[in-house]
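Observations on the three-dimensional arrangement
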2 protein chains.
Amino acid sequence: MSKRIKIKALLESTETNIEVTVKGWVRTFRNNQFIALNDGSTNNNIQIVVDFQNTDEALLKRITTGAALSVTGTLVESLGKGQKFDIKATAIEVLGDSDPEKYPLQPKKHSLEFLREIAHLRFRTNTFGAIFRVRNSLSFAVHKFFQERGFVYLHTPVITQSDAEGAGEAFRVTNLDLNNLPRTEDGEIDYKQDFFGKSTNLTVSGQLEGELGAMALSDIYTFGPTFRAENSNTTRHLAEFWMIEPEMAFYDLADNMDLAEALLKYVISYALENNNEDLEFLDQRLADEDKQKPQNERAEMSLLDKLQFCLDNDFQRLTYTEAIEILKESTPNKKKKFTYLVEGWGTDLQSEHERYLVEKHFKKPVILTDYPKEIKSFYMRQNDDGKTVAAMDILFPGIGEIVGGSQREERLDKLEQRMDEIGIPKEELWWYLDTRRFGACPHAGFGLGFERLVLFVTGMGNIRDVIPFPRFPKNAEF
Amino acid sequence: MSKRIKIKALLESTETNIEVTVKGWVRTFRNNQFIALNDGSTNNNIQIVVDFQNTDEALLKRITTGAALSVTGTLVESLGKGQKFDIKATAIEVLGDSDPEKYPLQPKKHSLEFLREIAHLRFRTNTFGAIFRVRNSLSFAVHKFFQERGFVYLHTPVITQSDAEGAGEAFRVTNLDLNNLPRTEDGEIDYKQDFFGKSTNLTVSGQLEGELGAMALSDIYTFGPTFRAENSNTTRHLAEFWMIEPEMAFYDLADNMDLAEALLKYVISYALENNNEDLEFLDQRLADEDKQKPQNERAEMSLLDKLQFCLDNDFQRLTYTEAIEILKESTPNKKKKFTYLVEGWGTDLQSEHERYLVEKHFKKPVILTDYPKEIKSFYMRQNDDGKTVAAMDILFPGIGEIVGGSQREERLDKLEQRMDEIGIPKEELWWYLDTRRFGACPHAGFGLGFERLVLFVTGMGNIRDVIPFPRFPKNAEF
C-alpha cells in the first residue's frame, strides 16, 4: 500500500511544502472546502483544504462524516486558527462511504448512554479515542514498572476448579449439554463428564496461583481478566474486569505499601507524560460537565491538578482503628449525616466513610491498614493482637478502594486454623498449603483494579465507559 | 524488612568484601558447608559458605533442599570453579523449613510429566525458572514492539454472546442453577434469566472486536486469553491459551506479512538479549536430551543457532498454489511416505506437509498465502480469481502454524455473500457489519499463538510446559 504518515507524526513535522499521504476518517466537512480528518493516532485532526472548484461534484458529496479517505497533498502552514498545518489536497480517494442518513455518529454531542449502545463505533469520538489511548498507556506503564524491577509477568489461569474464594460469585464454565445433563447414579449432575472432569469456574483472582510463582521467582505480577457474577448495577462494578496482582516473596506490609504507592505514582506520571493532549481534552470535558452542576457539587480540583496532586503528596497511612476514631468524631457522624453511623470498632467501612476520609479529612489518597480479621480474607497475615490482620486498602478520591492487599499468612498452623474457622475446604487448596509446608517465607501482595485506575486517570464517572465492551447484568453485547 | 539484594544483581557486582543479605531457597547443601541458594531472579545460584564448625548443629539440619533462608555475609571472590562469588555467611536464618522426607522436589532429575503434576512447585526448578523468565520477556517484548509503533492495546471481551466463529468449540459461561434450569413456555432453557440475559461463551478470538477498534484508532492489538473446548490431547493444543491479535487499518496482505515477520524477529531478538543465561541453559538441556536419541532423529541445529537463524534470514513467502506444486513433486509424496498424499489443489495442508516445506524444502520459516477460500474463514478478503482469499499462515520449524492472518474483507456485499454461503447469522454480527457500512477501508490483521511462540523460543516439546497452569481435557488443577 502507498505509505501514509500518521497524523500524530505529521503534526510533529518540522518541514512544510512536502508531499504527504494521510488516511483516516472524516470528522467534519465545512463549506465544501475544509475536511477535519482523524486517524486515531491523536485526538487532533488534520485539516484538509479541498480545491472544491476543481473537484468533481460527485466526489464532494461522498465526503461525509465517518467516511474513510486517502488524501495526498502538500503540507502547508495553516492560515486558520487552532491548527499548525493544513494539507492542500491534490488527490482525494474515498475508501469507504458513510451514509449521513444512517450513520449514528453525527458531529454533535451524544450522551454517554447512547454511545454505550453503539460501543462498536464510540472509539471514533474524541472522548473515547482519548480514554482508550490513556488506557493503553496505563497498561504499558504497569508492565514497564514491574519489568524495571525484575518482576516476572505470570499468566495465571482463567478457568479454575474451585470457588474457594469466590463465595458463590463465580461464573460456571461448562461444555455439558444443558438440555441433556449427564447424571450420576445418585441423580447428581456428573461433572466427571464435563470438559475438565470437574466443576469449573471463571477466576475471581489470580492471587493464590500468583503466590506459587512468587515462592520460586521472588517477584511476580499478573495482569489479566477477572470475573464476578455479582448482580451489581453500579457505576463502579463490572462482571468482567482486568486486575493487576503482584506477589512478592520477602515483603512485609510496609514494603507492600511502598510498592503499591510507587506503582500508582509511576503509571499516573507515565500517562501525564505520554498522553498530555488526551488528558487535556478530558480535563476540559470534565470542566465543561462541571459547569452544568450547582456550585457546591463542582470538583475542587481539575483533572490535571488532581493527578499532579497525587504525584506530589505522600499517601496518608493509618490503621483501621485510627480511622474509626476519626470517623466517630467527625461532623457527619455526630450530625447523623452518614447513612451508616460509625459507632464502634469492627464493622466494615462504607463508601461514604471512605470518601469522608479521603475527600474531606485528609484530602489525599489514604492507605488504611490492619483491619479486623473478620471482615478480611482468610489468607491475610494475623497480627499479634489476635484481632486484626496485616491488610492494606488504598482509597482514592472519587473512586474509593483502588488497591486491596495484605501481607500473606505464611504460618501453616495459623492459616489452617483460619480456613477451618471460615469453612474453606483445605483439600481443594492442597497446592496452596504446600507453599506453607515447603520453604515458606514472609510475603505480601495486592490487587489493583485496572478499570478503577483508568476511571481515576480519565476522570470519567462510569466504569462502563473505560473498558471497550463492558459486561454487566443483562449485557454482553458485541 | 531488612533490605536484601537479588542474586542476579549480586552476581553483577563489581565490588567484593562488602556485607550483603540474600534471601532465597536452598537448591543443594553439600558437606555441611556449601549452600547453593536461588531466588528466581536468575538461573544462577549464589554459593554460601557456612562456617560449620561455629554453626549450631540444629540449624545445619534445617538447611535442606527447598528451605527458605535469609543469609547475611561477606561477598568474596570464589575459590571454587563455576562461580565468580561466594558469600561467607555470618548469619543464617531459616525462614521456612522443608522436610526432606516430604518435599517432592529432590536435587535430581525429575520427568516433565511428574513436574506437570506438581506445577505449583515446578517454578523452583532450573528448567521452569528459565521457561517462565523467557515467557515474561517475550510478553514484554510484544508490548514494546507494538507501543514503539503507536498501536493501542485493546482489551477485547472474554465473555461473548455469539459463537459465530467458534463452530461449537466455545465453552459456555452461565450462572444459571443447573439443578433447576429455568424454562420458557416452550420448554426451552430460558437464557433471558441467565446473568447476561442471553446465552454466553468464552471468546475464541478477539479479532472481530479488534477490527472495531482499528476502524477508529488505526492500529490496535490484543493480548489476552482465548479458549477452545476442543477435545485435543496433543502437545500443541490447550483449552486456555494466550493470543496476540493485531488489526491494522489501511494494511494490505504484504504490509501484514511484513509486520508479522518484524514482530517475530523483534521478540526473539529481545529474548536473546535479555535472557541469555536462560536460553543457554535451555540450549544445553535440549542438547542433552538430543544425545539420548538415535543419530537420525537429532536436531540439525542447536536451540541458539535456530533462534539466530530465524533472525538472519528472510521468511520464505509463497502461495498455497505454489506450495501444492512443490509438495506434489516432493520425494515423500512420490514415494507415498506422507500419510495424506497431496494429489490436487483445494485440500488443507497437514502438519506433515507444513513440516516438509519448512524443515526439508526451504529449511527456514515460511509464509504461505492465498489459500482456497473454502478452507479459510468468512472474514478473509476474496481475491479476484474467485477461488482464493488473501490469507497468510506463518509456519515455523518444529511448531507448524505460529501465525494465521489475512487481509479482511472490507466490501459489505462480498462479506455478506460469504456469510450467507457458510451460514453465519448476519443479525448476530450487526456490529461487525456496521464497520463495512460506515467508513470501511482496506485492513488486515493476524493472530499469534503466544504459547507456540514460547515453545519455539524455549525449545520445549510440550505446550503444557510453557504455560504456568495448563488447561486441557480432564485437567484444570491448581
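Further up the page is the structure itself.
Residues numbered from 1 in each chain as written. Chains lettered and ligands numbered in written order. Predicted model: local features only at pLDDT ≥ 70, side-chain atom pairs only at ≥ 80, totals over all residues. Heavy atoms only, no water.

Another point: the interface of chain A and chain B. Each partner contributes residues to the interface: chain A has 113 residues there, and chain B has 115 residues. Here chain A and chain B share an interface that buries about 9200 Å² over both sides, 63% of which is from carbon and sulfur atoms. For the pair chain A and chain B, the interface holds four salt bridges. For B:Asp255, the salt bridge identified is with A:Lys3, shortest N-O distance 3.2 Å. Taken together, the connections running from chain A to chain B amount to 46 residue pairs in polar contact (both at pLDDT 80 or more). In terms of residue count, helix H4 (residues 126-148) of chain A provides more of the side of chain A that touches chain B than any other element does, ten residues in total. Class assignment for the residues of the side of chain A that touches chain B results in 53 nonpolar, 30 polar and 30 charged. Pairing geometry for strand E8 (residues 172-174) of chain A and strand E8 (residues 172-174) of chain B, over three bridges, is antiparallel. Across the sheet, A:Thr174 pairs through a bridge with B:Arg172, a residue of E8(B). (Contact = heavy atoms within 4.5 Å. Buried area = accessible area lost by both parts, 1.4 Å probe. Salt bridge = Lys/Arg side-chain N within 4 Å of Asp/Glu carboxyl O. Polar contact = N/O pair within 3.5 Å; in protein donor to acceptor, adjacent residues only side chain to side chain. Helix = DSSP H or I, 4+ residues; strand = E, 2+ residues; numbered from the N terminus. Nonpolar A, V, L, I, M, F, W, Y, C, P; charged D, E, K, R; others polar. Pairing = 2+ DSSP bridges.)

Once that is clear, we can look at helix H9 (residues 320-328) of chain B. All names here are of chain B. Where H9 is concerned, the buried positions are Tyr320, Ala323, Ile324, Ile326 and Leu327. Looking straight down H9, one finds its buried side chains confined to an arc of 165 degrees; they lie on one side. Among the structural elements, strand E12 (316-319), helix H10 (331-334), helix H11 (351-361) and strand E13 (366-372) are those in contact with the buried residues of H9. (Buried < 20%, exposed > 50% of the residue type's maximum accessible area, 1.4 Å probe, protein only. Arc of directions from axis to C-beta.)

Mapping chain A onto chain B leaves a residual RMSD of 0.0 Å; the transformation is a rotation of 180 degrees accompanied by 0.0 Å of translation along its axis. On the angle and the small slide along the axis, the relation comes out as a two-fold axis. No C-alpha of chain A approaches the rotation axis more nearly than that of A:Val173, which lies at 2.4 Å. (Least-squares fit on C-alpha atoms with pLDDT ≥ 70 in both.)

What follows covers the packing of helix H6 (residues 253-274) of chain B against helix H8 (residues 303-312) of chain B. Residue and element names in this part refer to chain B. Running from N to C, H6 and H8 cross one another at 140 degrees; their axes reach a closest spacing of 9 Å. By the criterion of interaxial angle, the relationship of H6 to H8 is oblique. In this structure, H6 meets H8 at a crossing whose hand is left-handed. From H6, Lys265, Ile268, Ser269 and Leu272 reach across to H8, where they touch Leu304, Leu307, Gln308, Cys310 and Leu311. For the contact of H6 with H8, the class distribution of residues is six nonpolar, two polar and one charged. (Axes fitted to C-alpha atoms, helices over the stretch in contact; angles between N-to-C directions. Parallel < 35°, antiparallel > 145°, perpendicular 65-115°, else oblique. Left-handed = near helix turned anticlockwise from the far one by under 90°.)

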